[in-house]
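Topology and contacts: notes
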Amino acid sequence: MGKYILKRVLFGVLTLFIVATLTFVLMQQVPGGPFVAEKSISAAAMQAMREKYGLDKPVIVQYWNYMKNALHGDFGLSLKERGRTVAEIISTKFPVSARIGGISIVLALCLGIPLGCVAALHRGKTADNIIIVFSTMGIAVPSFVICTVLMYFFGVELGWLPTYGLTSWKNYIMPVMALSFYPTAYIARQMRSSMLDVLGQDYMRTAKAKGLSETKILYKHALRNAILPIITYVGPLIAYTLTGSFVVEKVFTIPGLGGEFVSSILNQDYMVIMGTTIFLAALIIFMNVVVDIGYTIADPRIKLR
Amino acid sequence: MSENLINTPTAVTPDDFLPASAEEKQSLEFMRPSVSFWKDGFNRLRKNKVAMVSFWVIVVVMFFAFAVPSFYPYKYAQQIRGSERLAPMQYSVTEKAAMANGEKVFPHILGTDKLGRDYAIRVMMGSRVSIVVGLVATVIVLIIGSIYGSIAAYFGGWTDLIMMRIVDIIYTVPDILLIVLMSFALKAPLAALATQPGFKWVNTLGVNLISIFIVFALLYWVSMARIVRGQILQLKEQEYVTAARALGASNRRIIKKHLLTNMIGTLIVTTTLQIPSAIFTESFLSFLGLGVAVPMPSLGSLASDAISGLQTYPYLLFAPSILISLIILSFNLLGDGLRDAFDPKLKN
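Overview of the structure. (Residues numbered from 1 in each chain as written. Chains lettered and ligands numbered in written order. Predicted model: local features only at pLDDT ≥ 70, side-chain atom pairs only at ≥ 80, totals over all residues.)

Let's shift gears to the overall build of chain A. Secondary structure assignment for chain A yields 12 helices and zero strands. Dimensions along the principal axes, computed over C-alpha positions, put chain A at roughly 85 × 55 × 30 Å. Taking all 305 residues of chain A together, 37% fall into the buried category. Sequence-distant contacts in chain A: of pairs separated by 6 or more residues, those separated by 24 or more amount to 75%. (Helix = DSSP H or I, 4+ residues; strand = E, 2+ residues; numbered from the N terminus. Buried ≥ 20, exposed ≤ 12 C-beta atoms within 10 Å, placed from the backbone. Contact = placed C-beta atoms within 7 Å.)

Next comes the structure, spelled out in structure tokens:
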């Protein structure tokens, strides 16, 4: 067990290192450097700026310095928002995204799992068909379509919900709906098939033969086993919610990290791009490792390698 | 063995060596014609109504995306003065005047956008871009993934171990993050490349489109490689591979002729399901403003443009939104249908 966890963590660190290196290399490809966009800048000032940010040094030294600082939590200064550190930006924007993302994940799990169970238990009946149609549609519709359609109907046509900002609880409804739509559909689909799988197992018949009550069979035997594959999806789900926030935060103009990432790319603020990429990647990789380890603990049948 | 000895007649008569009579030949004839793998699969697919409807939807969308724009009276980048922001089936003042003079004016079926471009043709071109991206990216993924996976599985041992560790690492890399990052970082080098002689095609395709393909080539083949490897690990233990090797077939020939042909069903299904995911990614990038270059439309960028005028021109949003959902849905359902039809485990 300890060996497995160690291996997973080492792999996580290696992946993160590769992502960070790749990000650094990619950012070197962007021509002109960060100060070209500044219009009135003399050659001397440019040189001073380059020295200040350490851009005059060889790439390998820059890389070493960046990695060293990043390990200390220092991702440098934003190039567009003067005087703000990247770490500051991340620490103010991330909680916003985390709140919306967290609500969406909880909502998706709370809706998707029961929906999948209901579908499996009523296989072939109307309820099952409705849920299948919903989950098939939910997987096919891109998040930006959901966002814009929601915004049109609830924000523009009906005028029930505010279309931008994040001031009251009402502001959360549409972004959370948009973010949790796909995962709910996906979880419902997975849950249905894993529940059907479990319902066909021999131990279900044994439980029934023992004379256990229906509810006990359902909760103790069926649900517990059927829910295991869903745990593996929680890792990708977190990654999806984070990347989904790019679109959702852009559409609803929410001051979160996803929106910041996109606007930093469009603004070519490459220190922010690097900082957020590494931060988000670290988060996704970390959550994946946690989920994988959790899964192996939850399911004793899995052999640890 | 002992049973066999009892049943076999010990004495062989000369009659046993006579040519078979017509009657005896009759017994060898097939009860029904043999059904090939493909025929069997397609028969089952044809019975699947959902998959067939999806298939025809894709055919119709492709017809509109690839054939119709060539004879459509408007061009996708053509700006018609005075016809800005028309509602569907509406005519501008000049067009009405022309019609009063007896001229024929083709209606703007979906209206026009703020630059006076016919929206129907833009939606059609957008679908074309989306479908082309989906298909090309999938072909790239298919080629790289199947070659990588088969090499890893076939050679096994250390080669396999190292190759699959690389896959593991790429698999855990948060793909969307890197795609966004790469499409940004590759823009400048590709634009520089486009100015070199002989690389004009880079500009015609659009820098962003190429960087999407590069990203797919770098990141998205891993799940394909895993599937191919798993299949080959199963197949390579089969007797016919041993037989082929005994006959002196080269590694290359065995991979190509025996392993890949036997897993083609799985490959087709995985490939079909890869297409919608590529379309999905492209529309996502275009929506964020990192996709195809203007004036080339894509369903994602059309939807993105429509947001700013959502209150007054909501119809601009619906066509691309519905279409992209329809395309992805159809490919998904067709892929599911193909899997049901070609998976030998699900037979009967």
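Having seen the model, we can carry on.
All names here are of chain B. The topology assignment puts Arg122 in helix α6 (residues 119–155). Taking the number of C-beta atoms within 10 Å as the measure of exposure, Arg122 has 29 and is therefore buried. Remark: the alpha-carbon pair of Arg122 and Ala77, spanning 45 residues in sequence, is separated by 8.0 Å. Beyond its immediate stretch of four places on either side in the chain, Arg122 contacts Tyr76, Asp113, Arg117, Pro297 and Leu302.

Right, let's talk about unusual backbone geometry for a bit. Residue and element names in this part refer to chain A. The phi angle at Thr253 is positive, at roughly 40 degrees, despite the residue not being glycine. Residue position: Thr253 is located in the loop between α10 (228–251) and α11 (257–267). Looking at Thr253, the number of C-beta atoms within 10 Å reads 12, which means it is exposed.

Residues and elements named next belong to chain B. Along the chain, Ala293 falls in the loop between α14 (264–287) and α15 (299–308). With 212 residues separating them along the chain, Ala293 and Arg81 place their C-alpha atoms 23 Å apart. In contact with Ala293, other than residues within four places in its own chain, are Gly206, Val207 and Asn208.

Residue and element names in this part refer to chain A. It is at 7 Å that the axes of helix α4 (residues 86–121) and α11 come closest, and there the two elements cross at 130 degrees. When the interaxial angle is binned, α4 and α11 end up oblique. Together, Ile89, Ile90, Lys93, Phe94 and Ser97 of α4 and Leu257, Gly258 and Glu260 of α11 make up the contact between the two elements. In terms of residue class, the contact of α4 with α11 is built from four nonpolar, two polar and two charged. (Axes fitted to C-alpha atoms, helices over the stretch in contact; angles between N-to-C directions. Parallel < 35°, antiparallel > 145°, perpendicular 65-115°, else oblique. Nonpolar A, V, L, I, M, F, W, Y, C, P; charged D, E, K, R; others polar.)

Another point: the interface of chain A and chain B. Accessible area lost on assembly of the parts is the figure often given for the size of an interface. Taken together, the contacts link 40 residues of chain A with 35 residues of chain B. Elements that contribute at least two residues to the side of chain A that touches chain B include exactly α1 (2–29), α5 (126–140), α6 (143–157), α10, α11 and α12 (270–298) of chain A. Considering every element that reaches the side of chain A that touches chain B, the biggest residue donor is α1(A), with 10 residues. Split by residue class, the side of chain A that touches chain B holds 32 nonpolar, seven polar and one charged.

The biggest cluster of nonpolar side chains holds 147 residues, and the ones touching the most others in it are A:Cys147 and A:Val247. Looking at this core, the element that brings in the most residues is α6(B), giving 16 residues. (Core = buried A, V, L, I, M, F, W, Y, C linked by C-beta atoms within 7 Å.)

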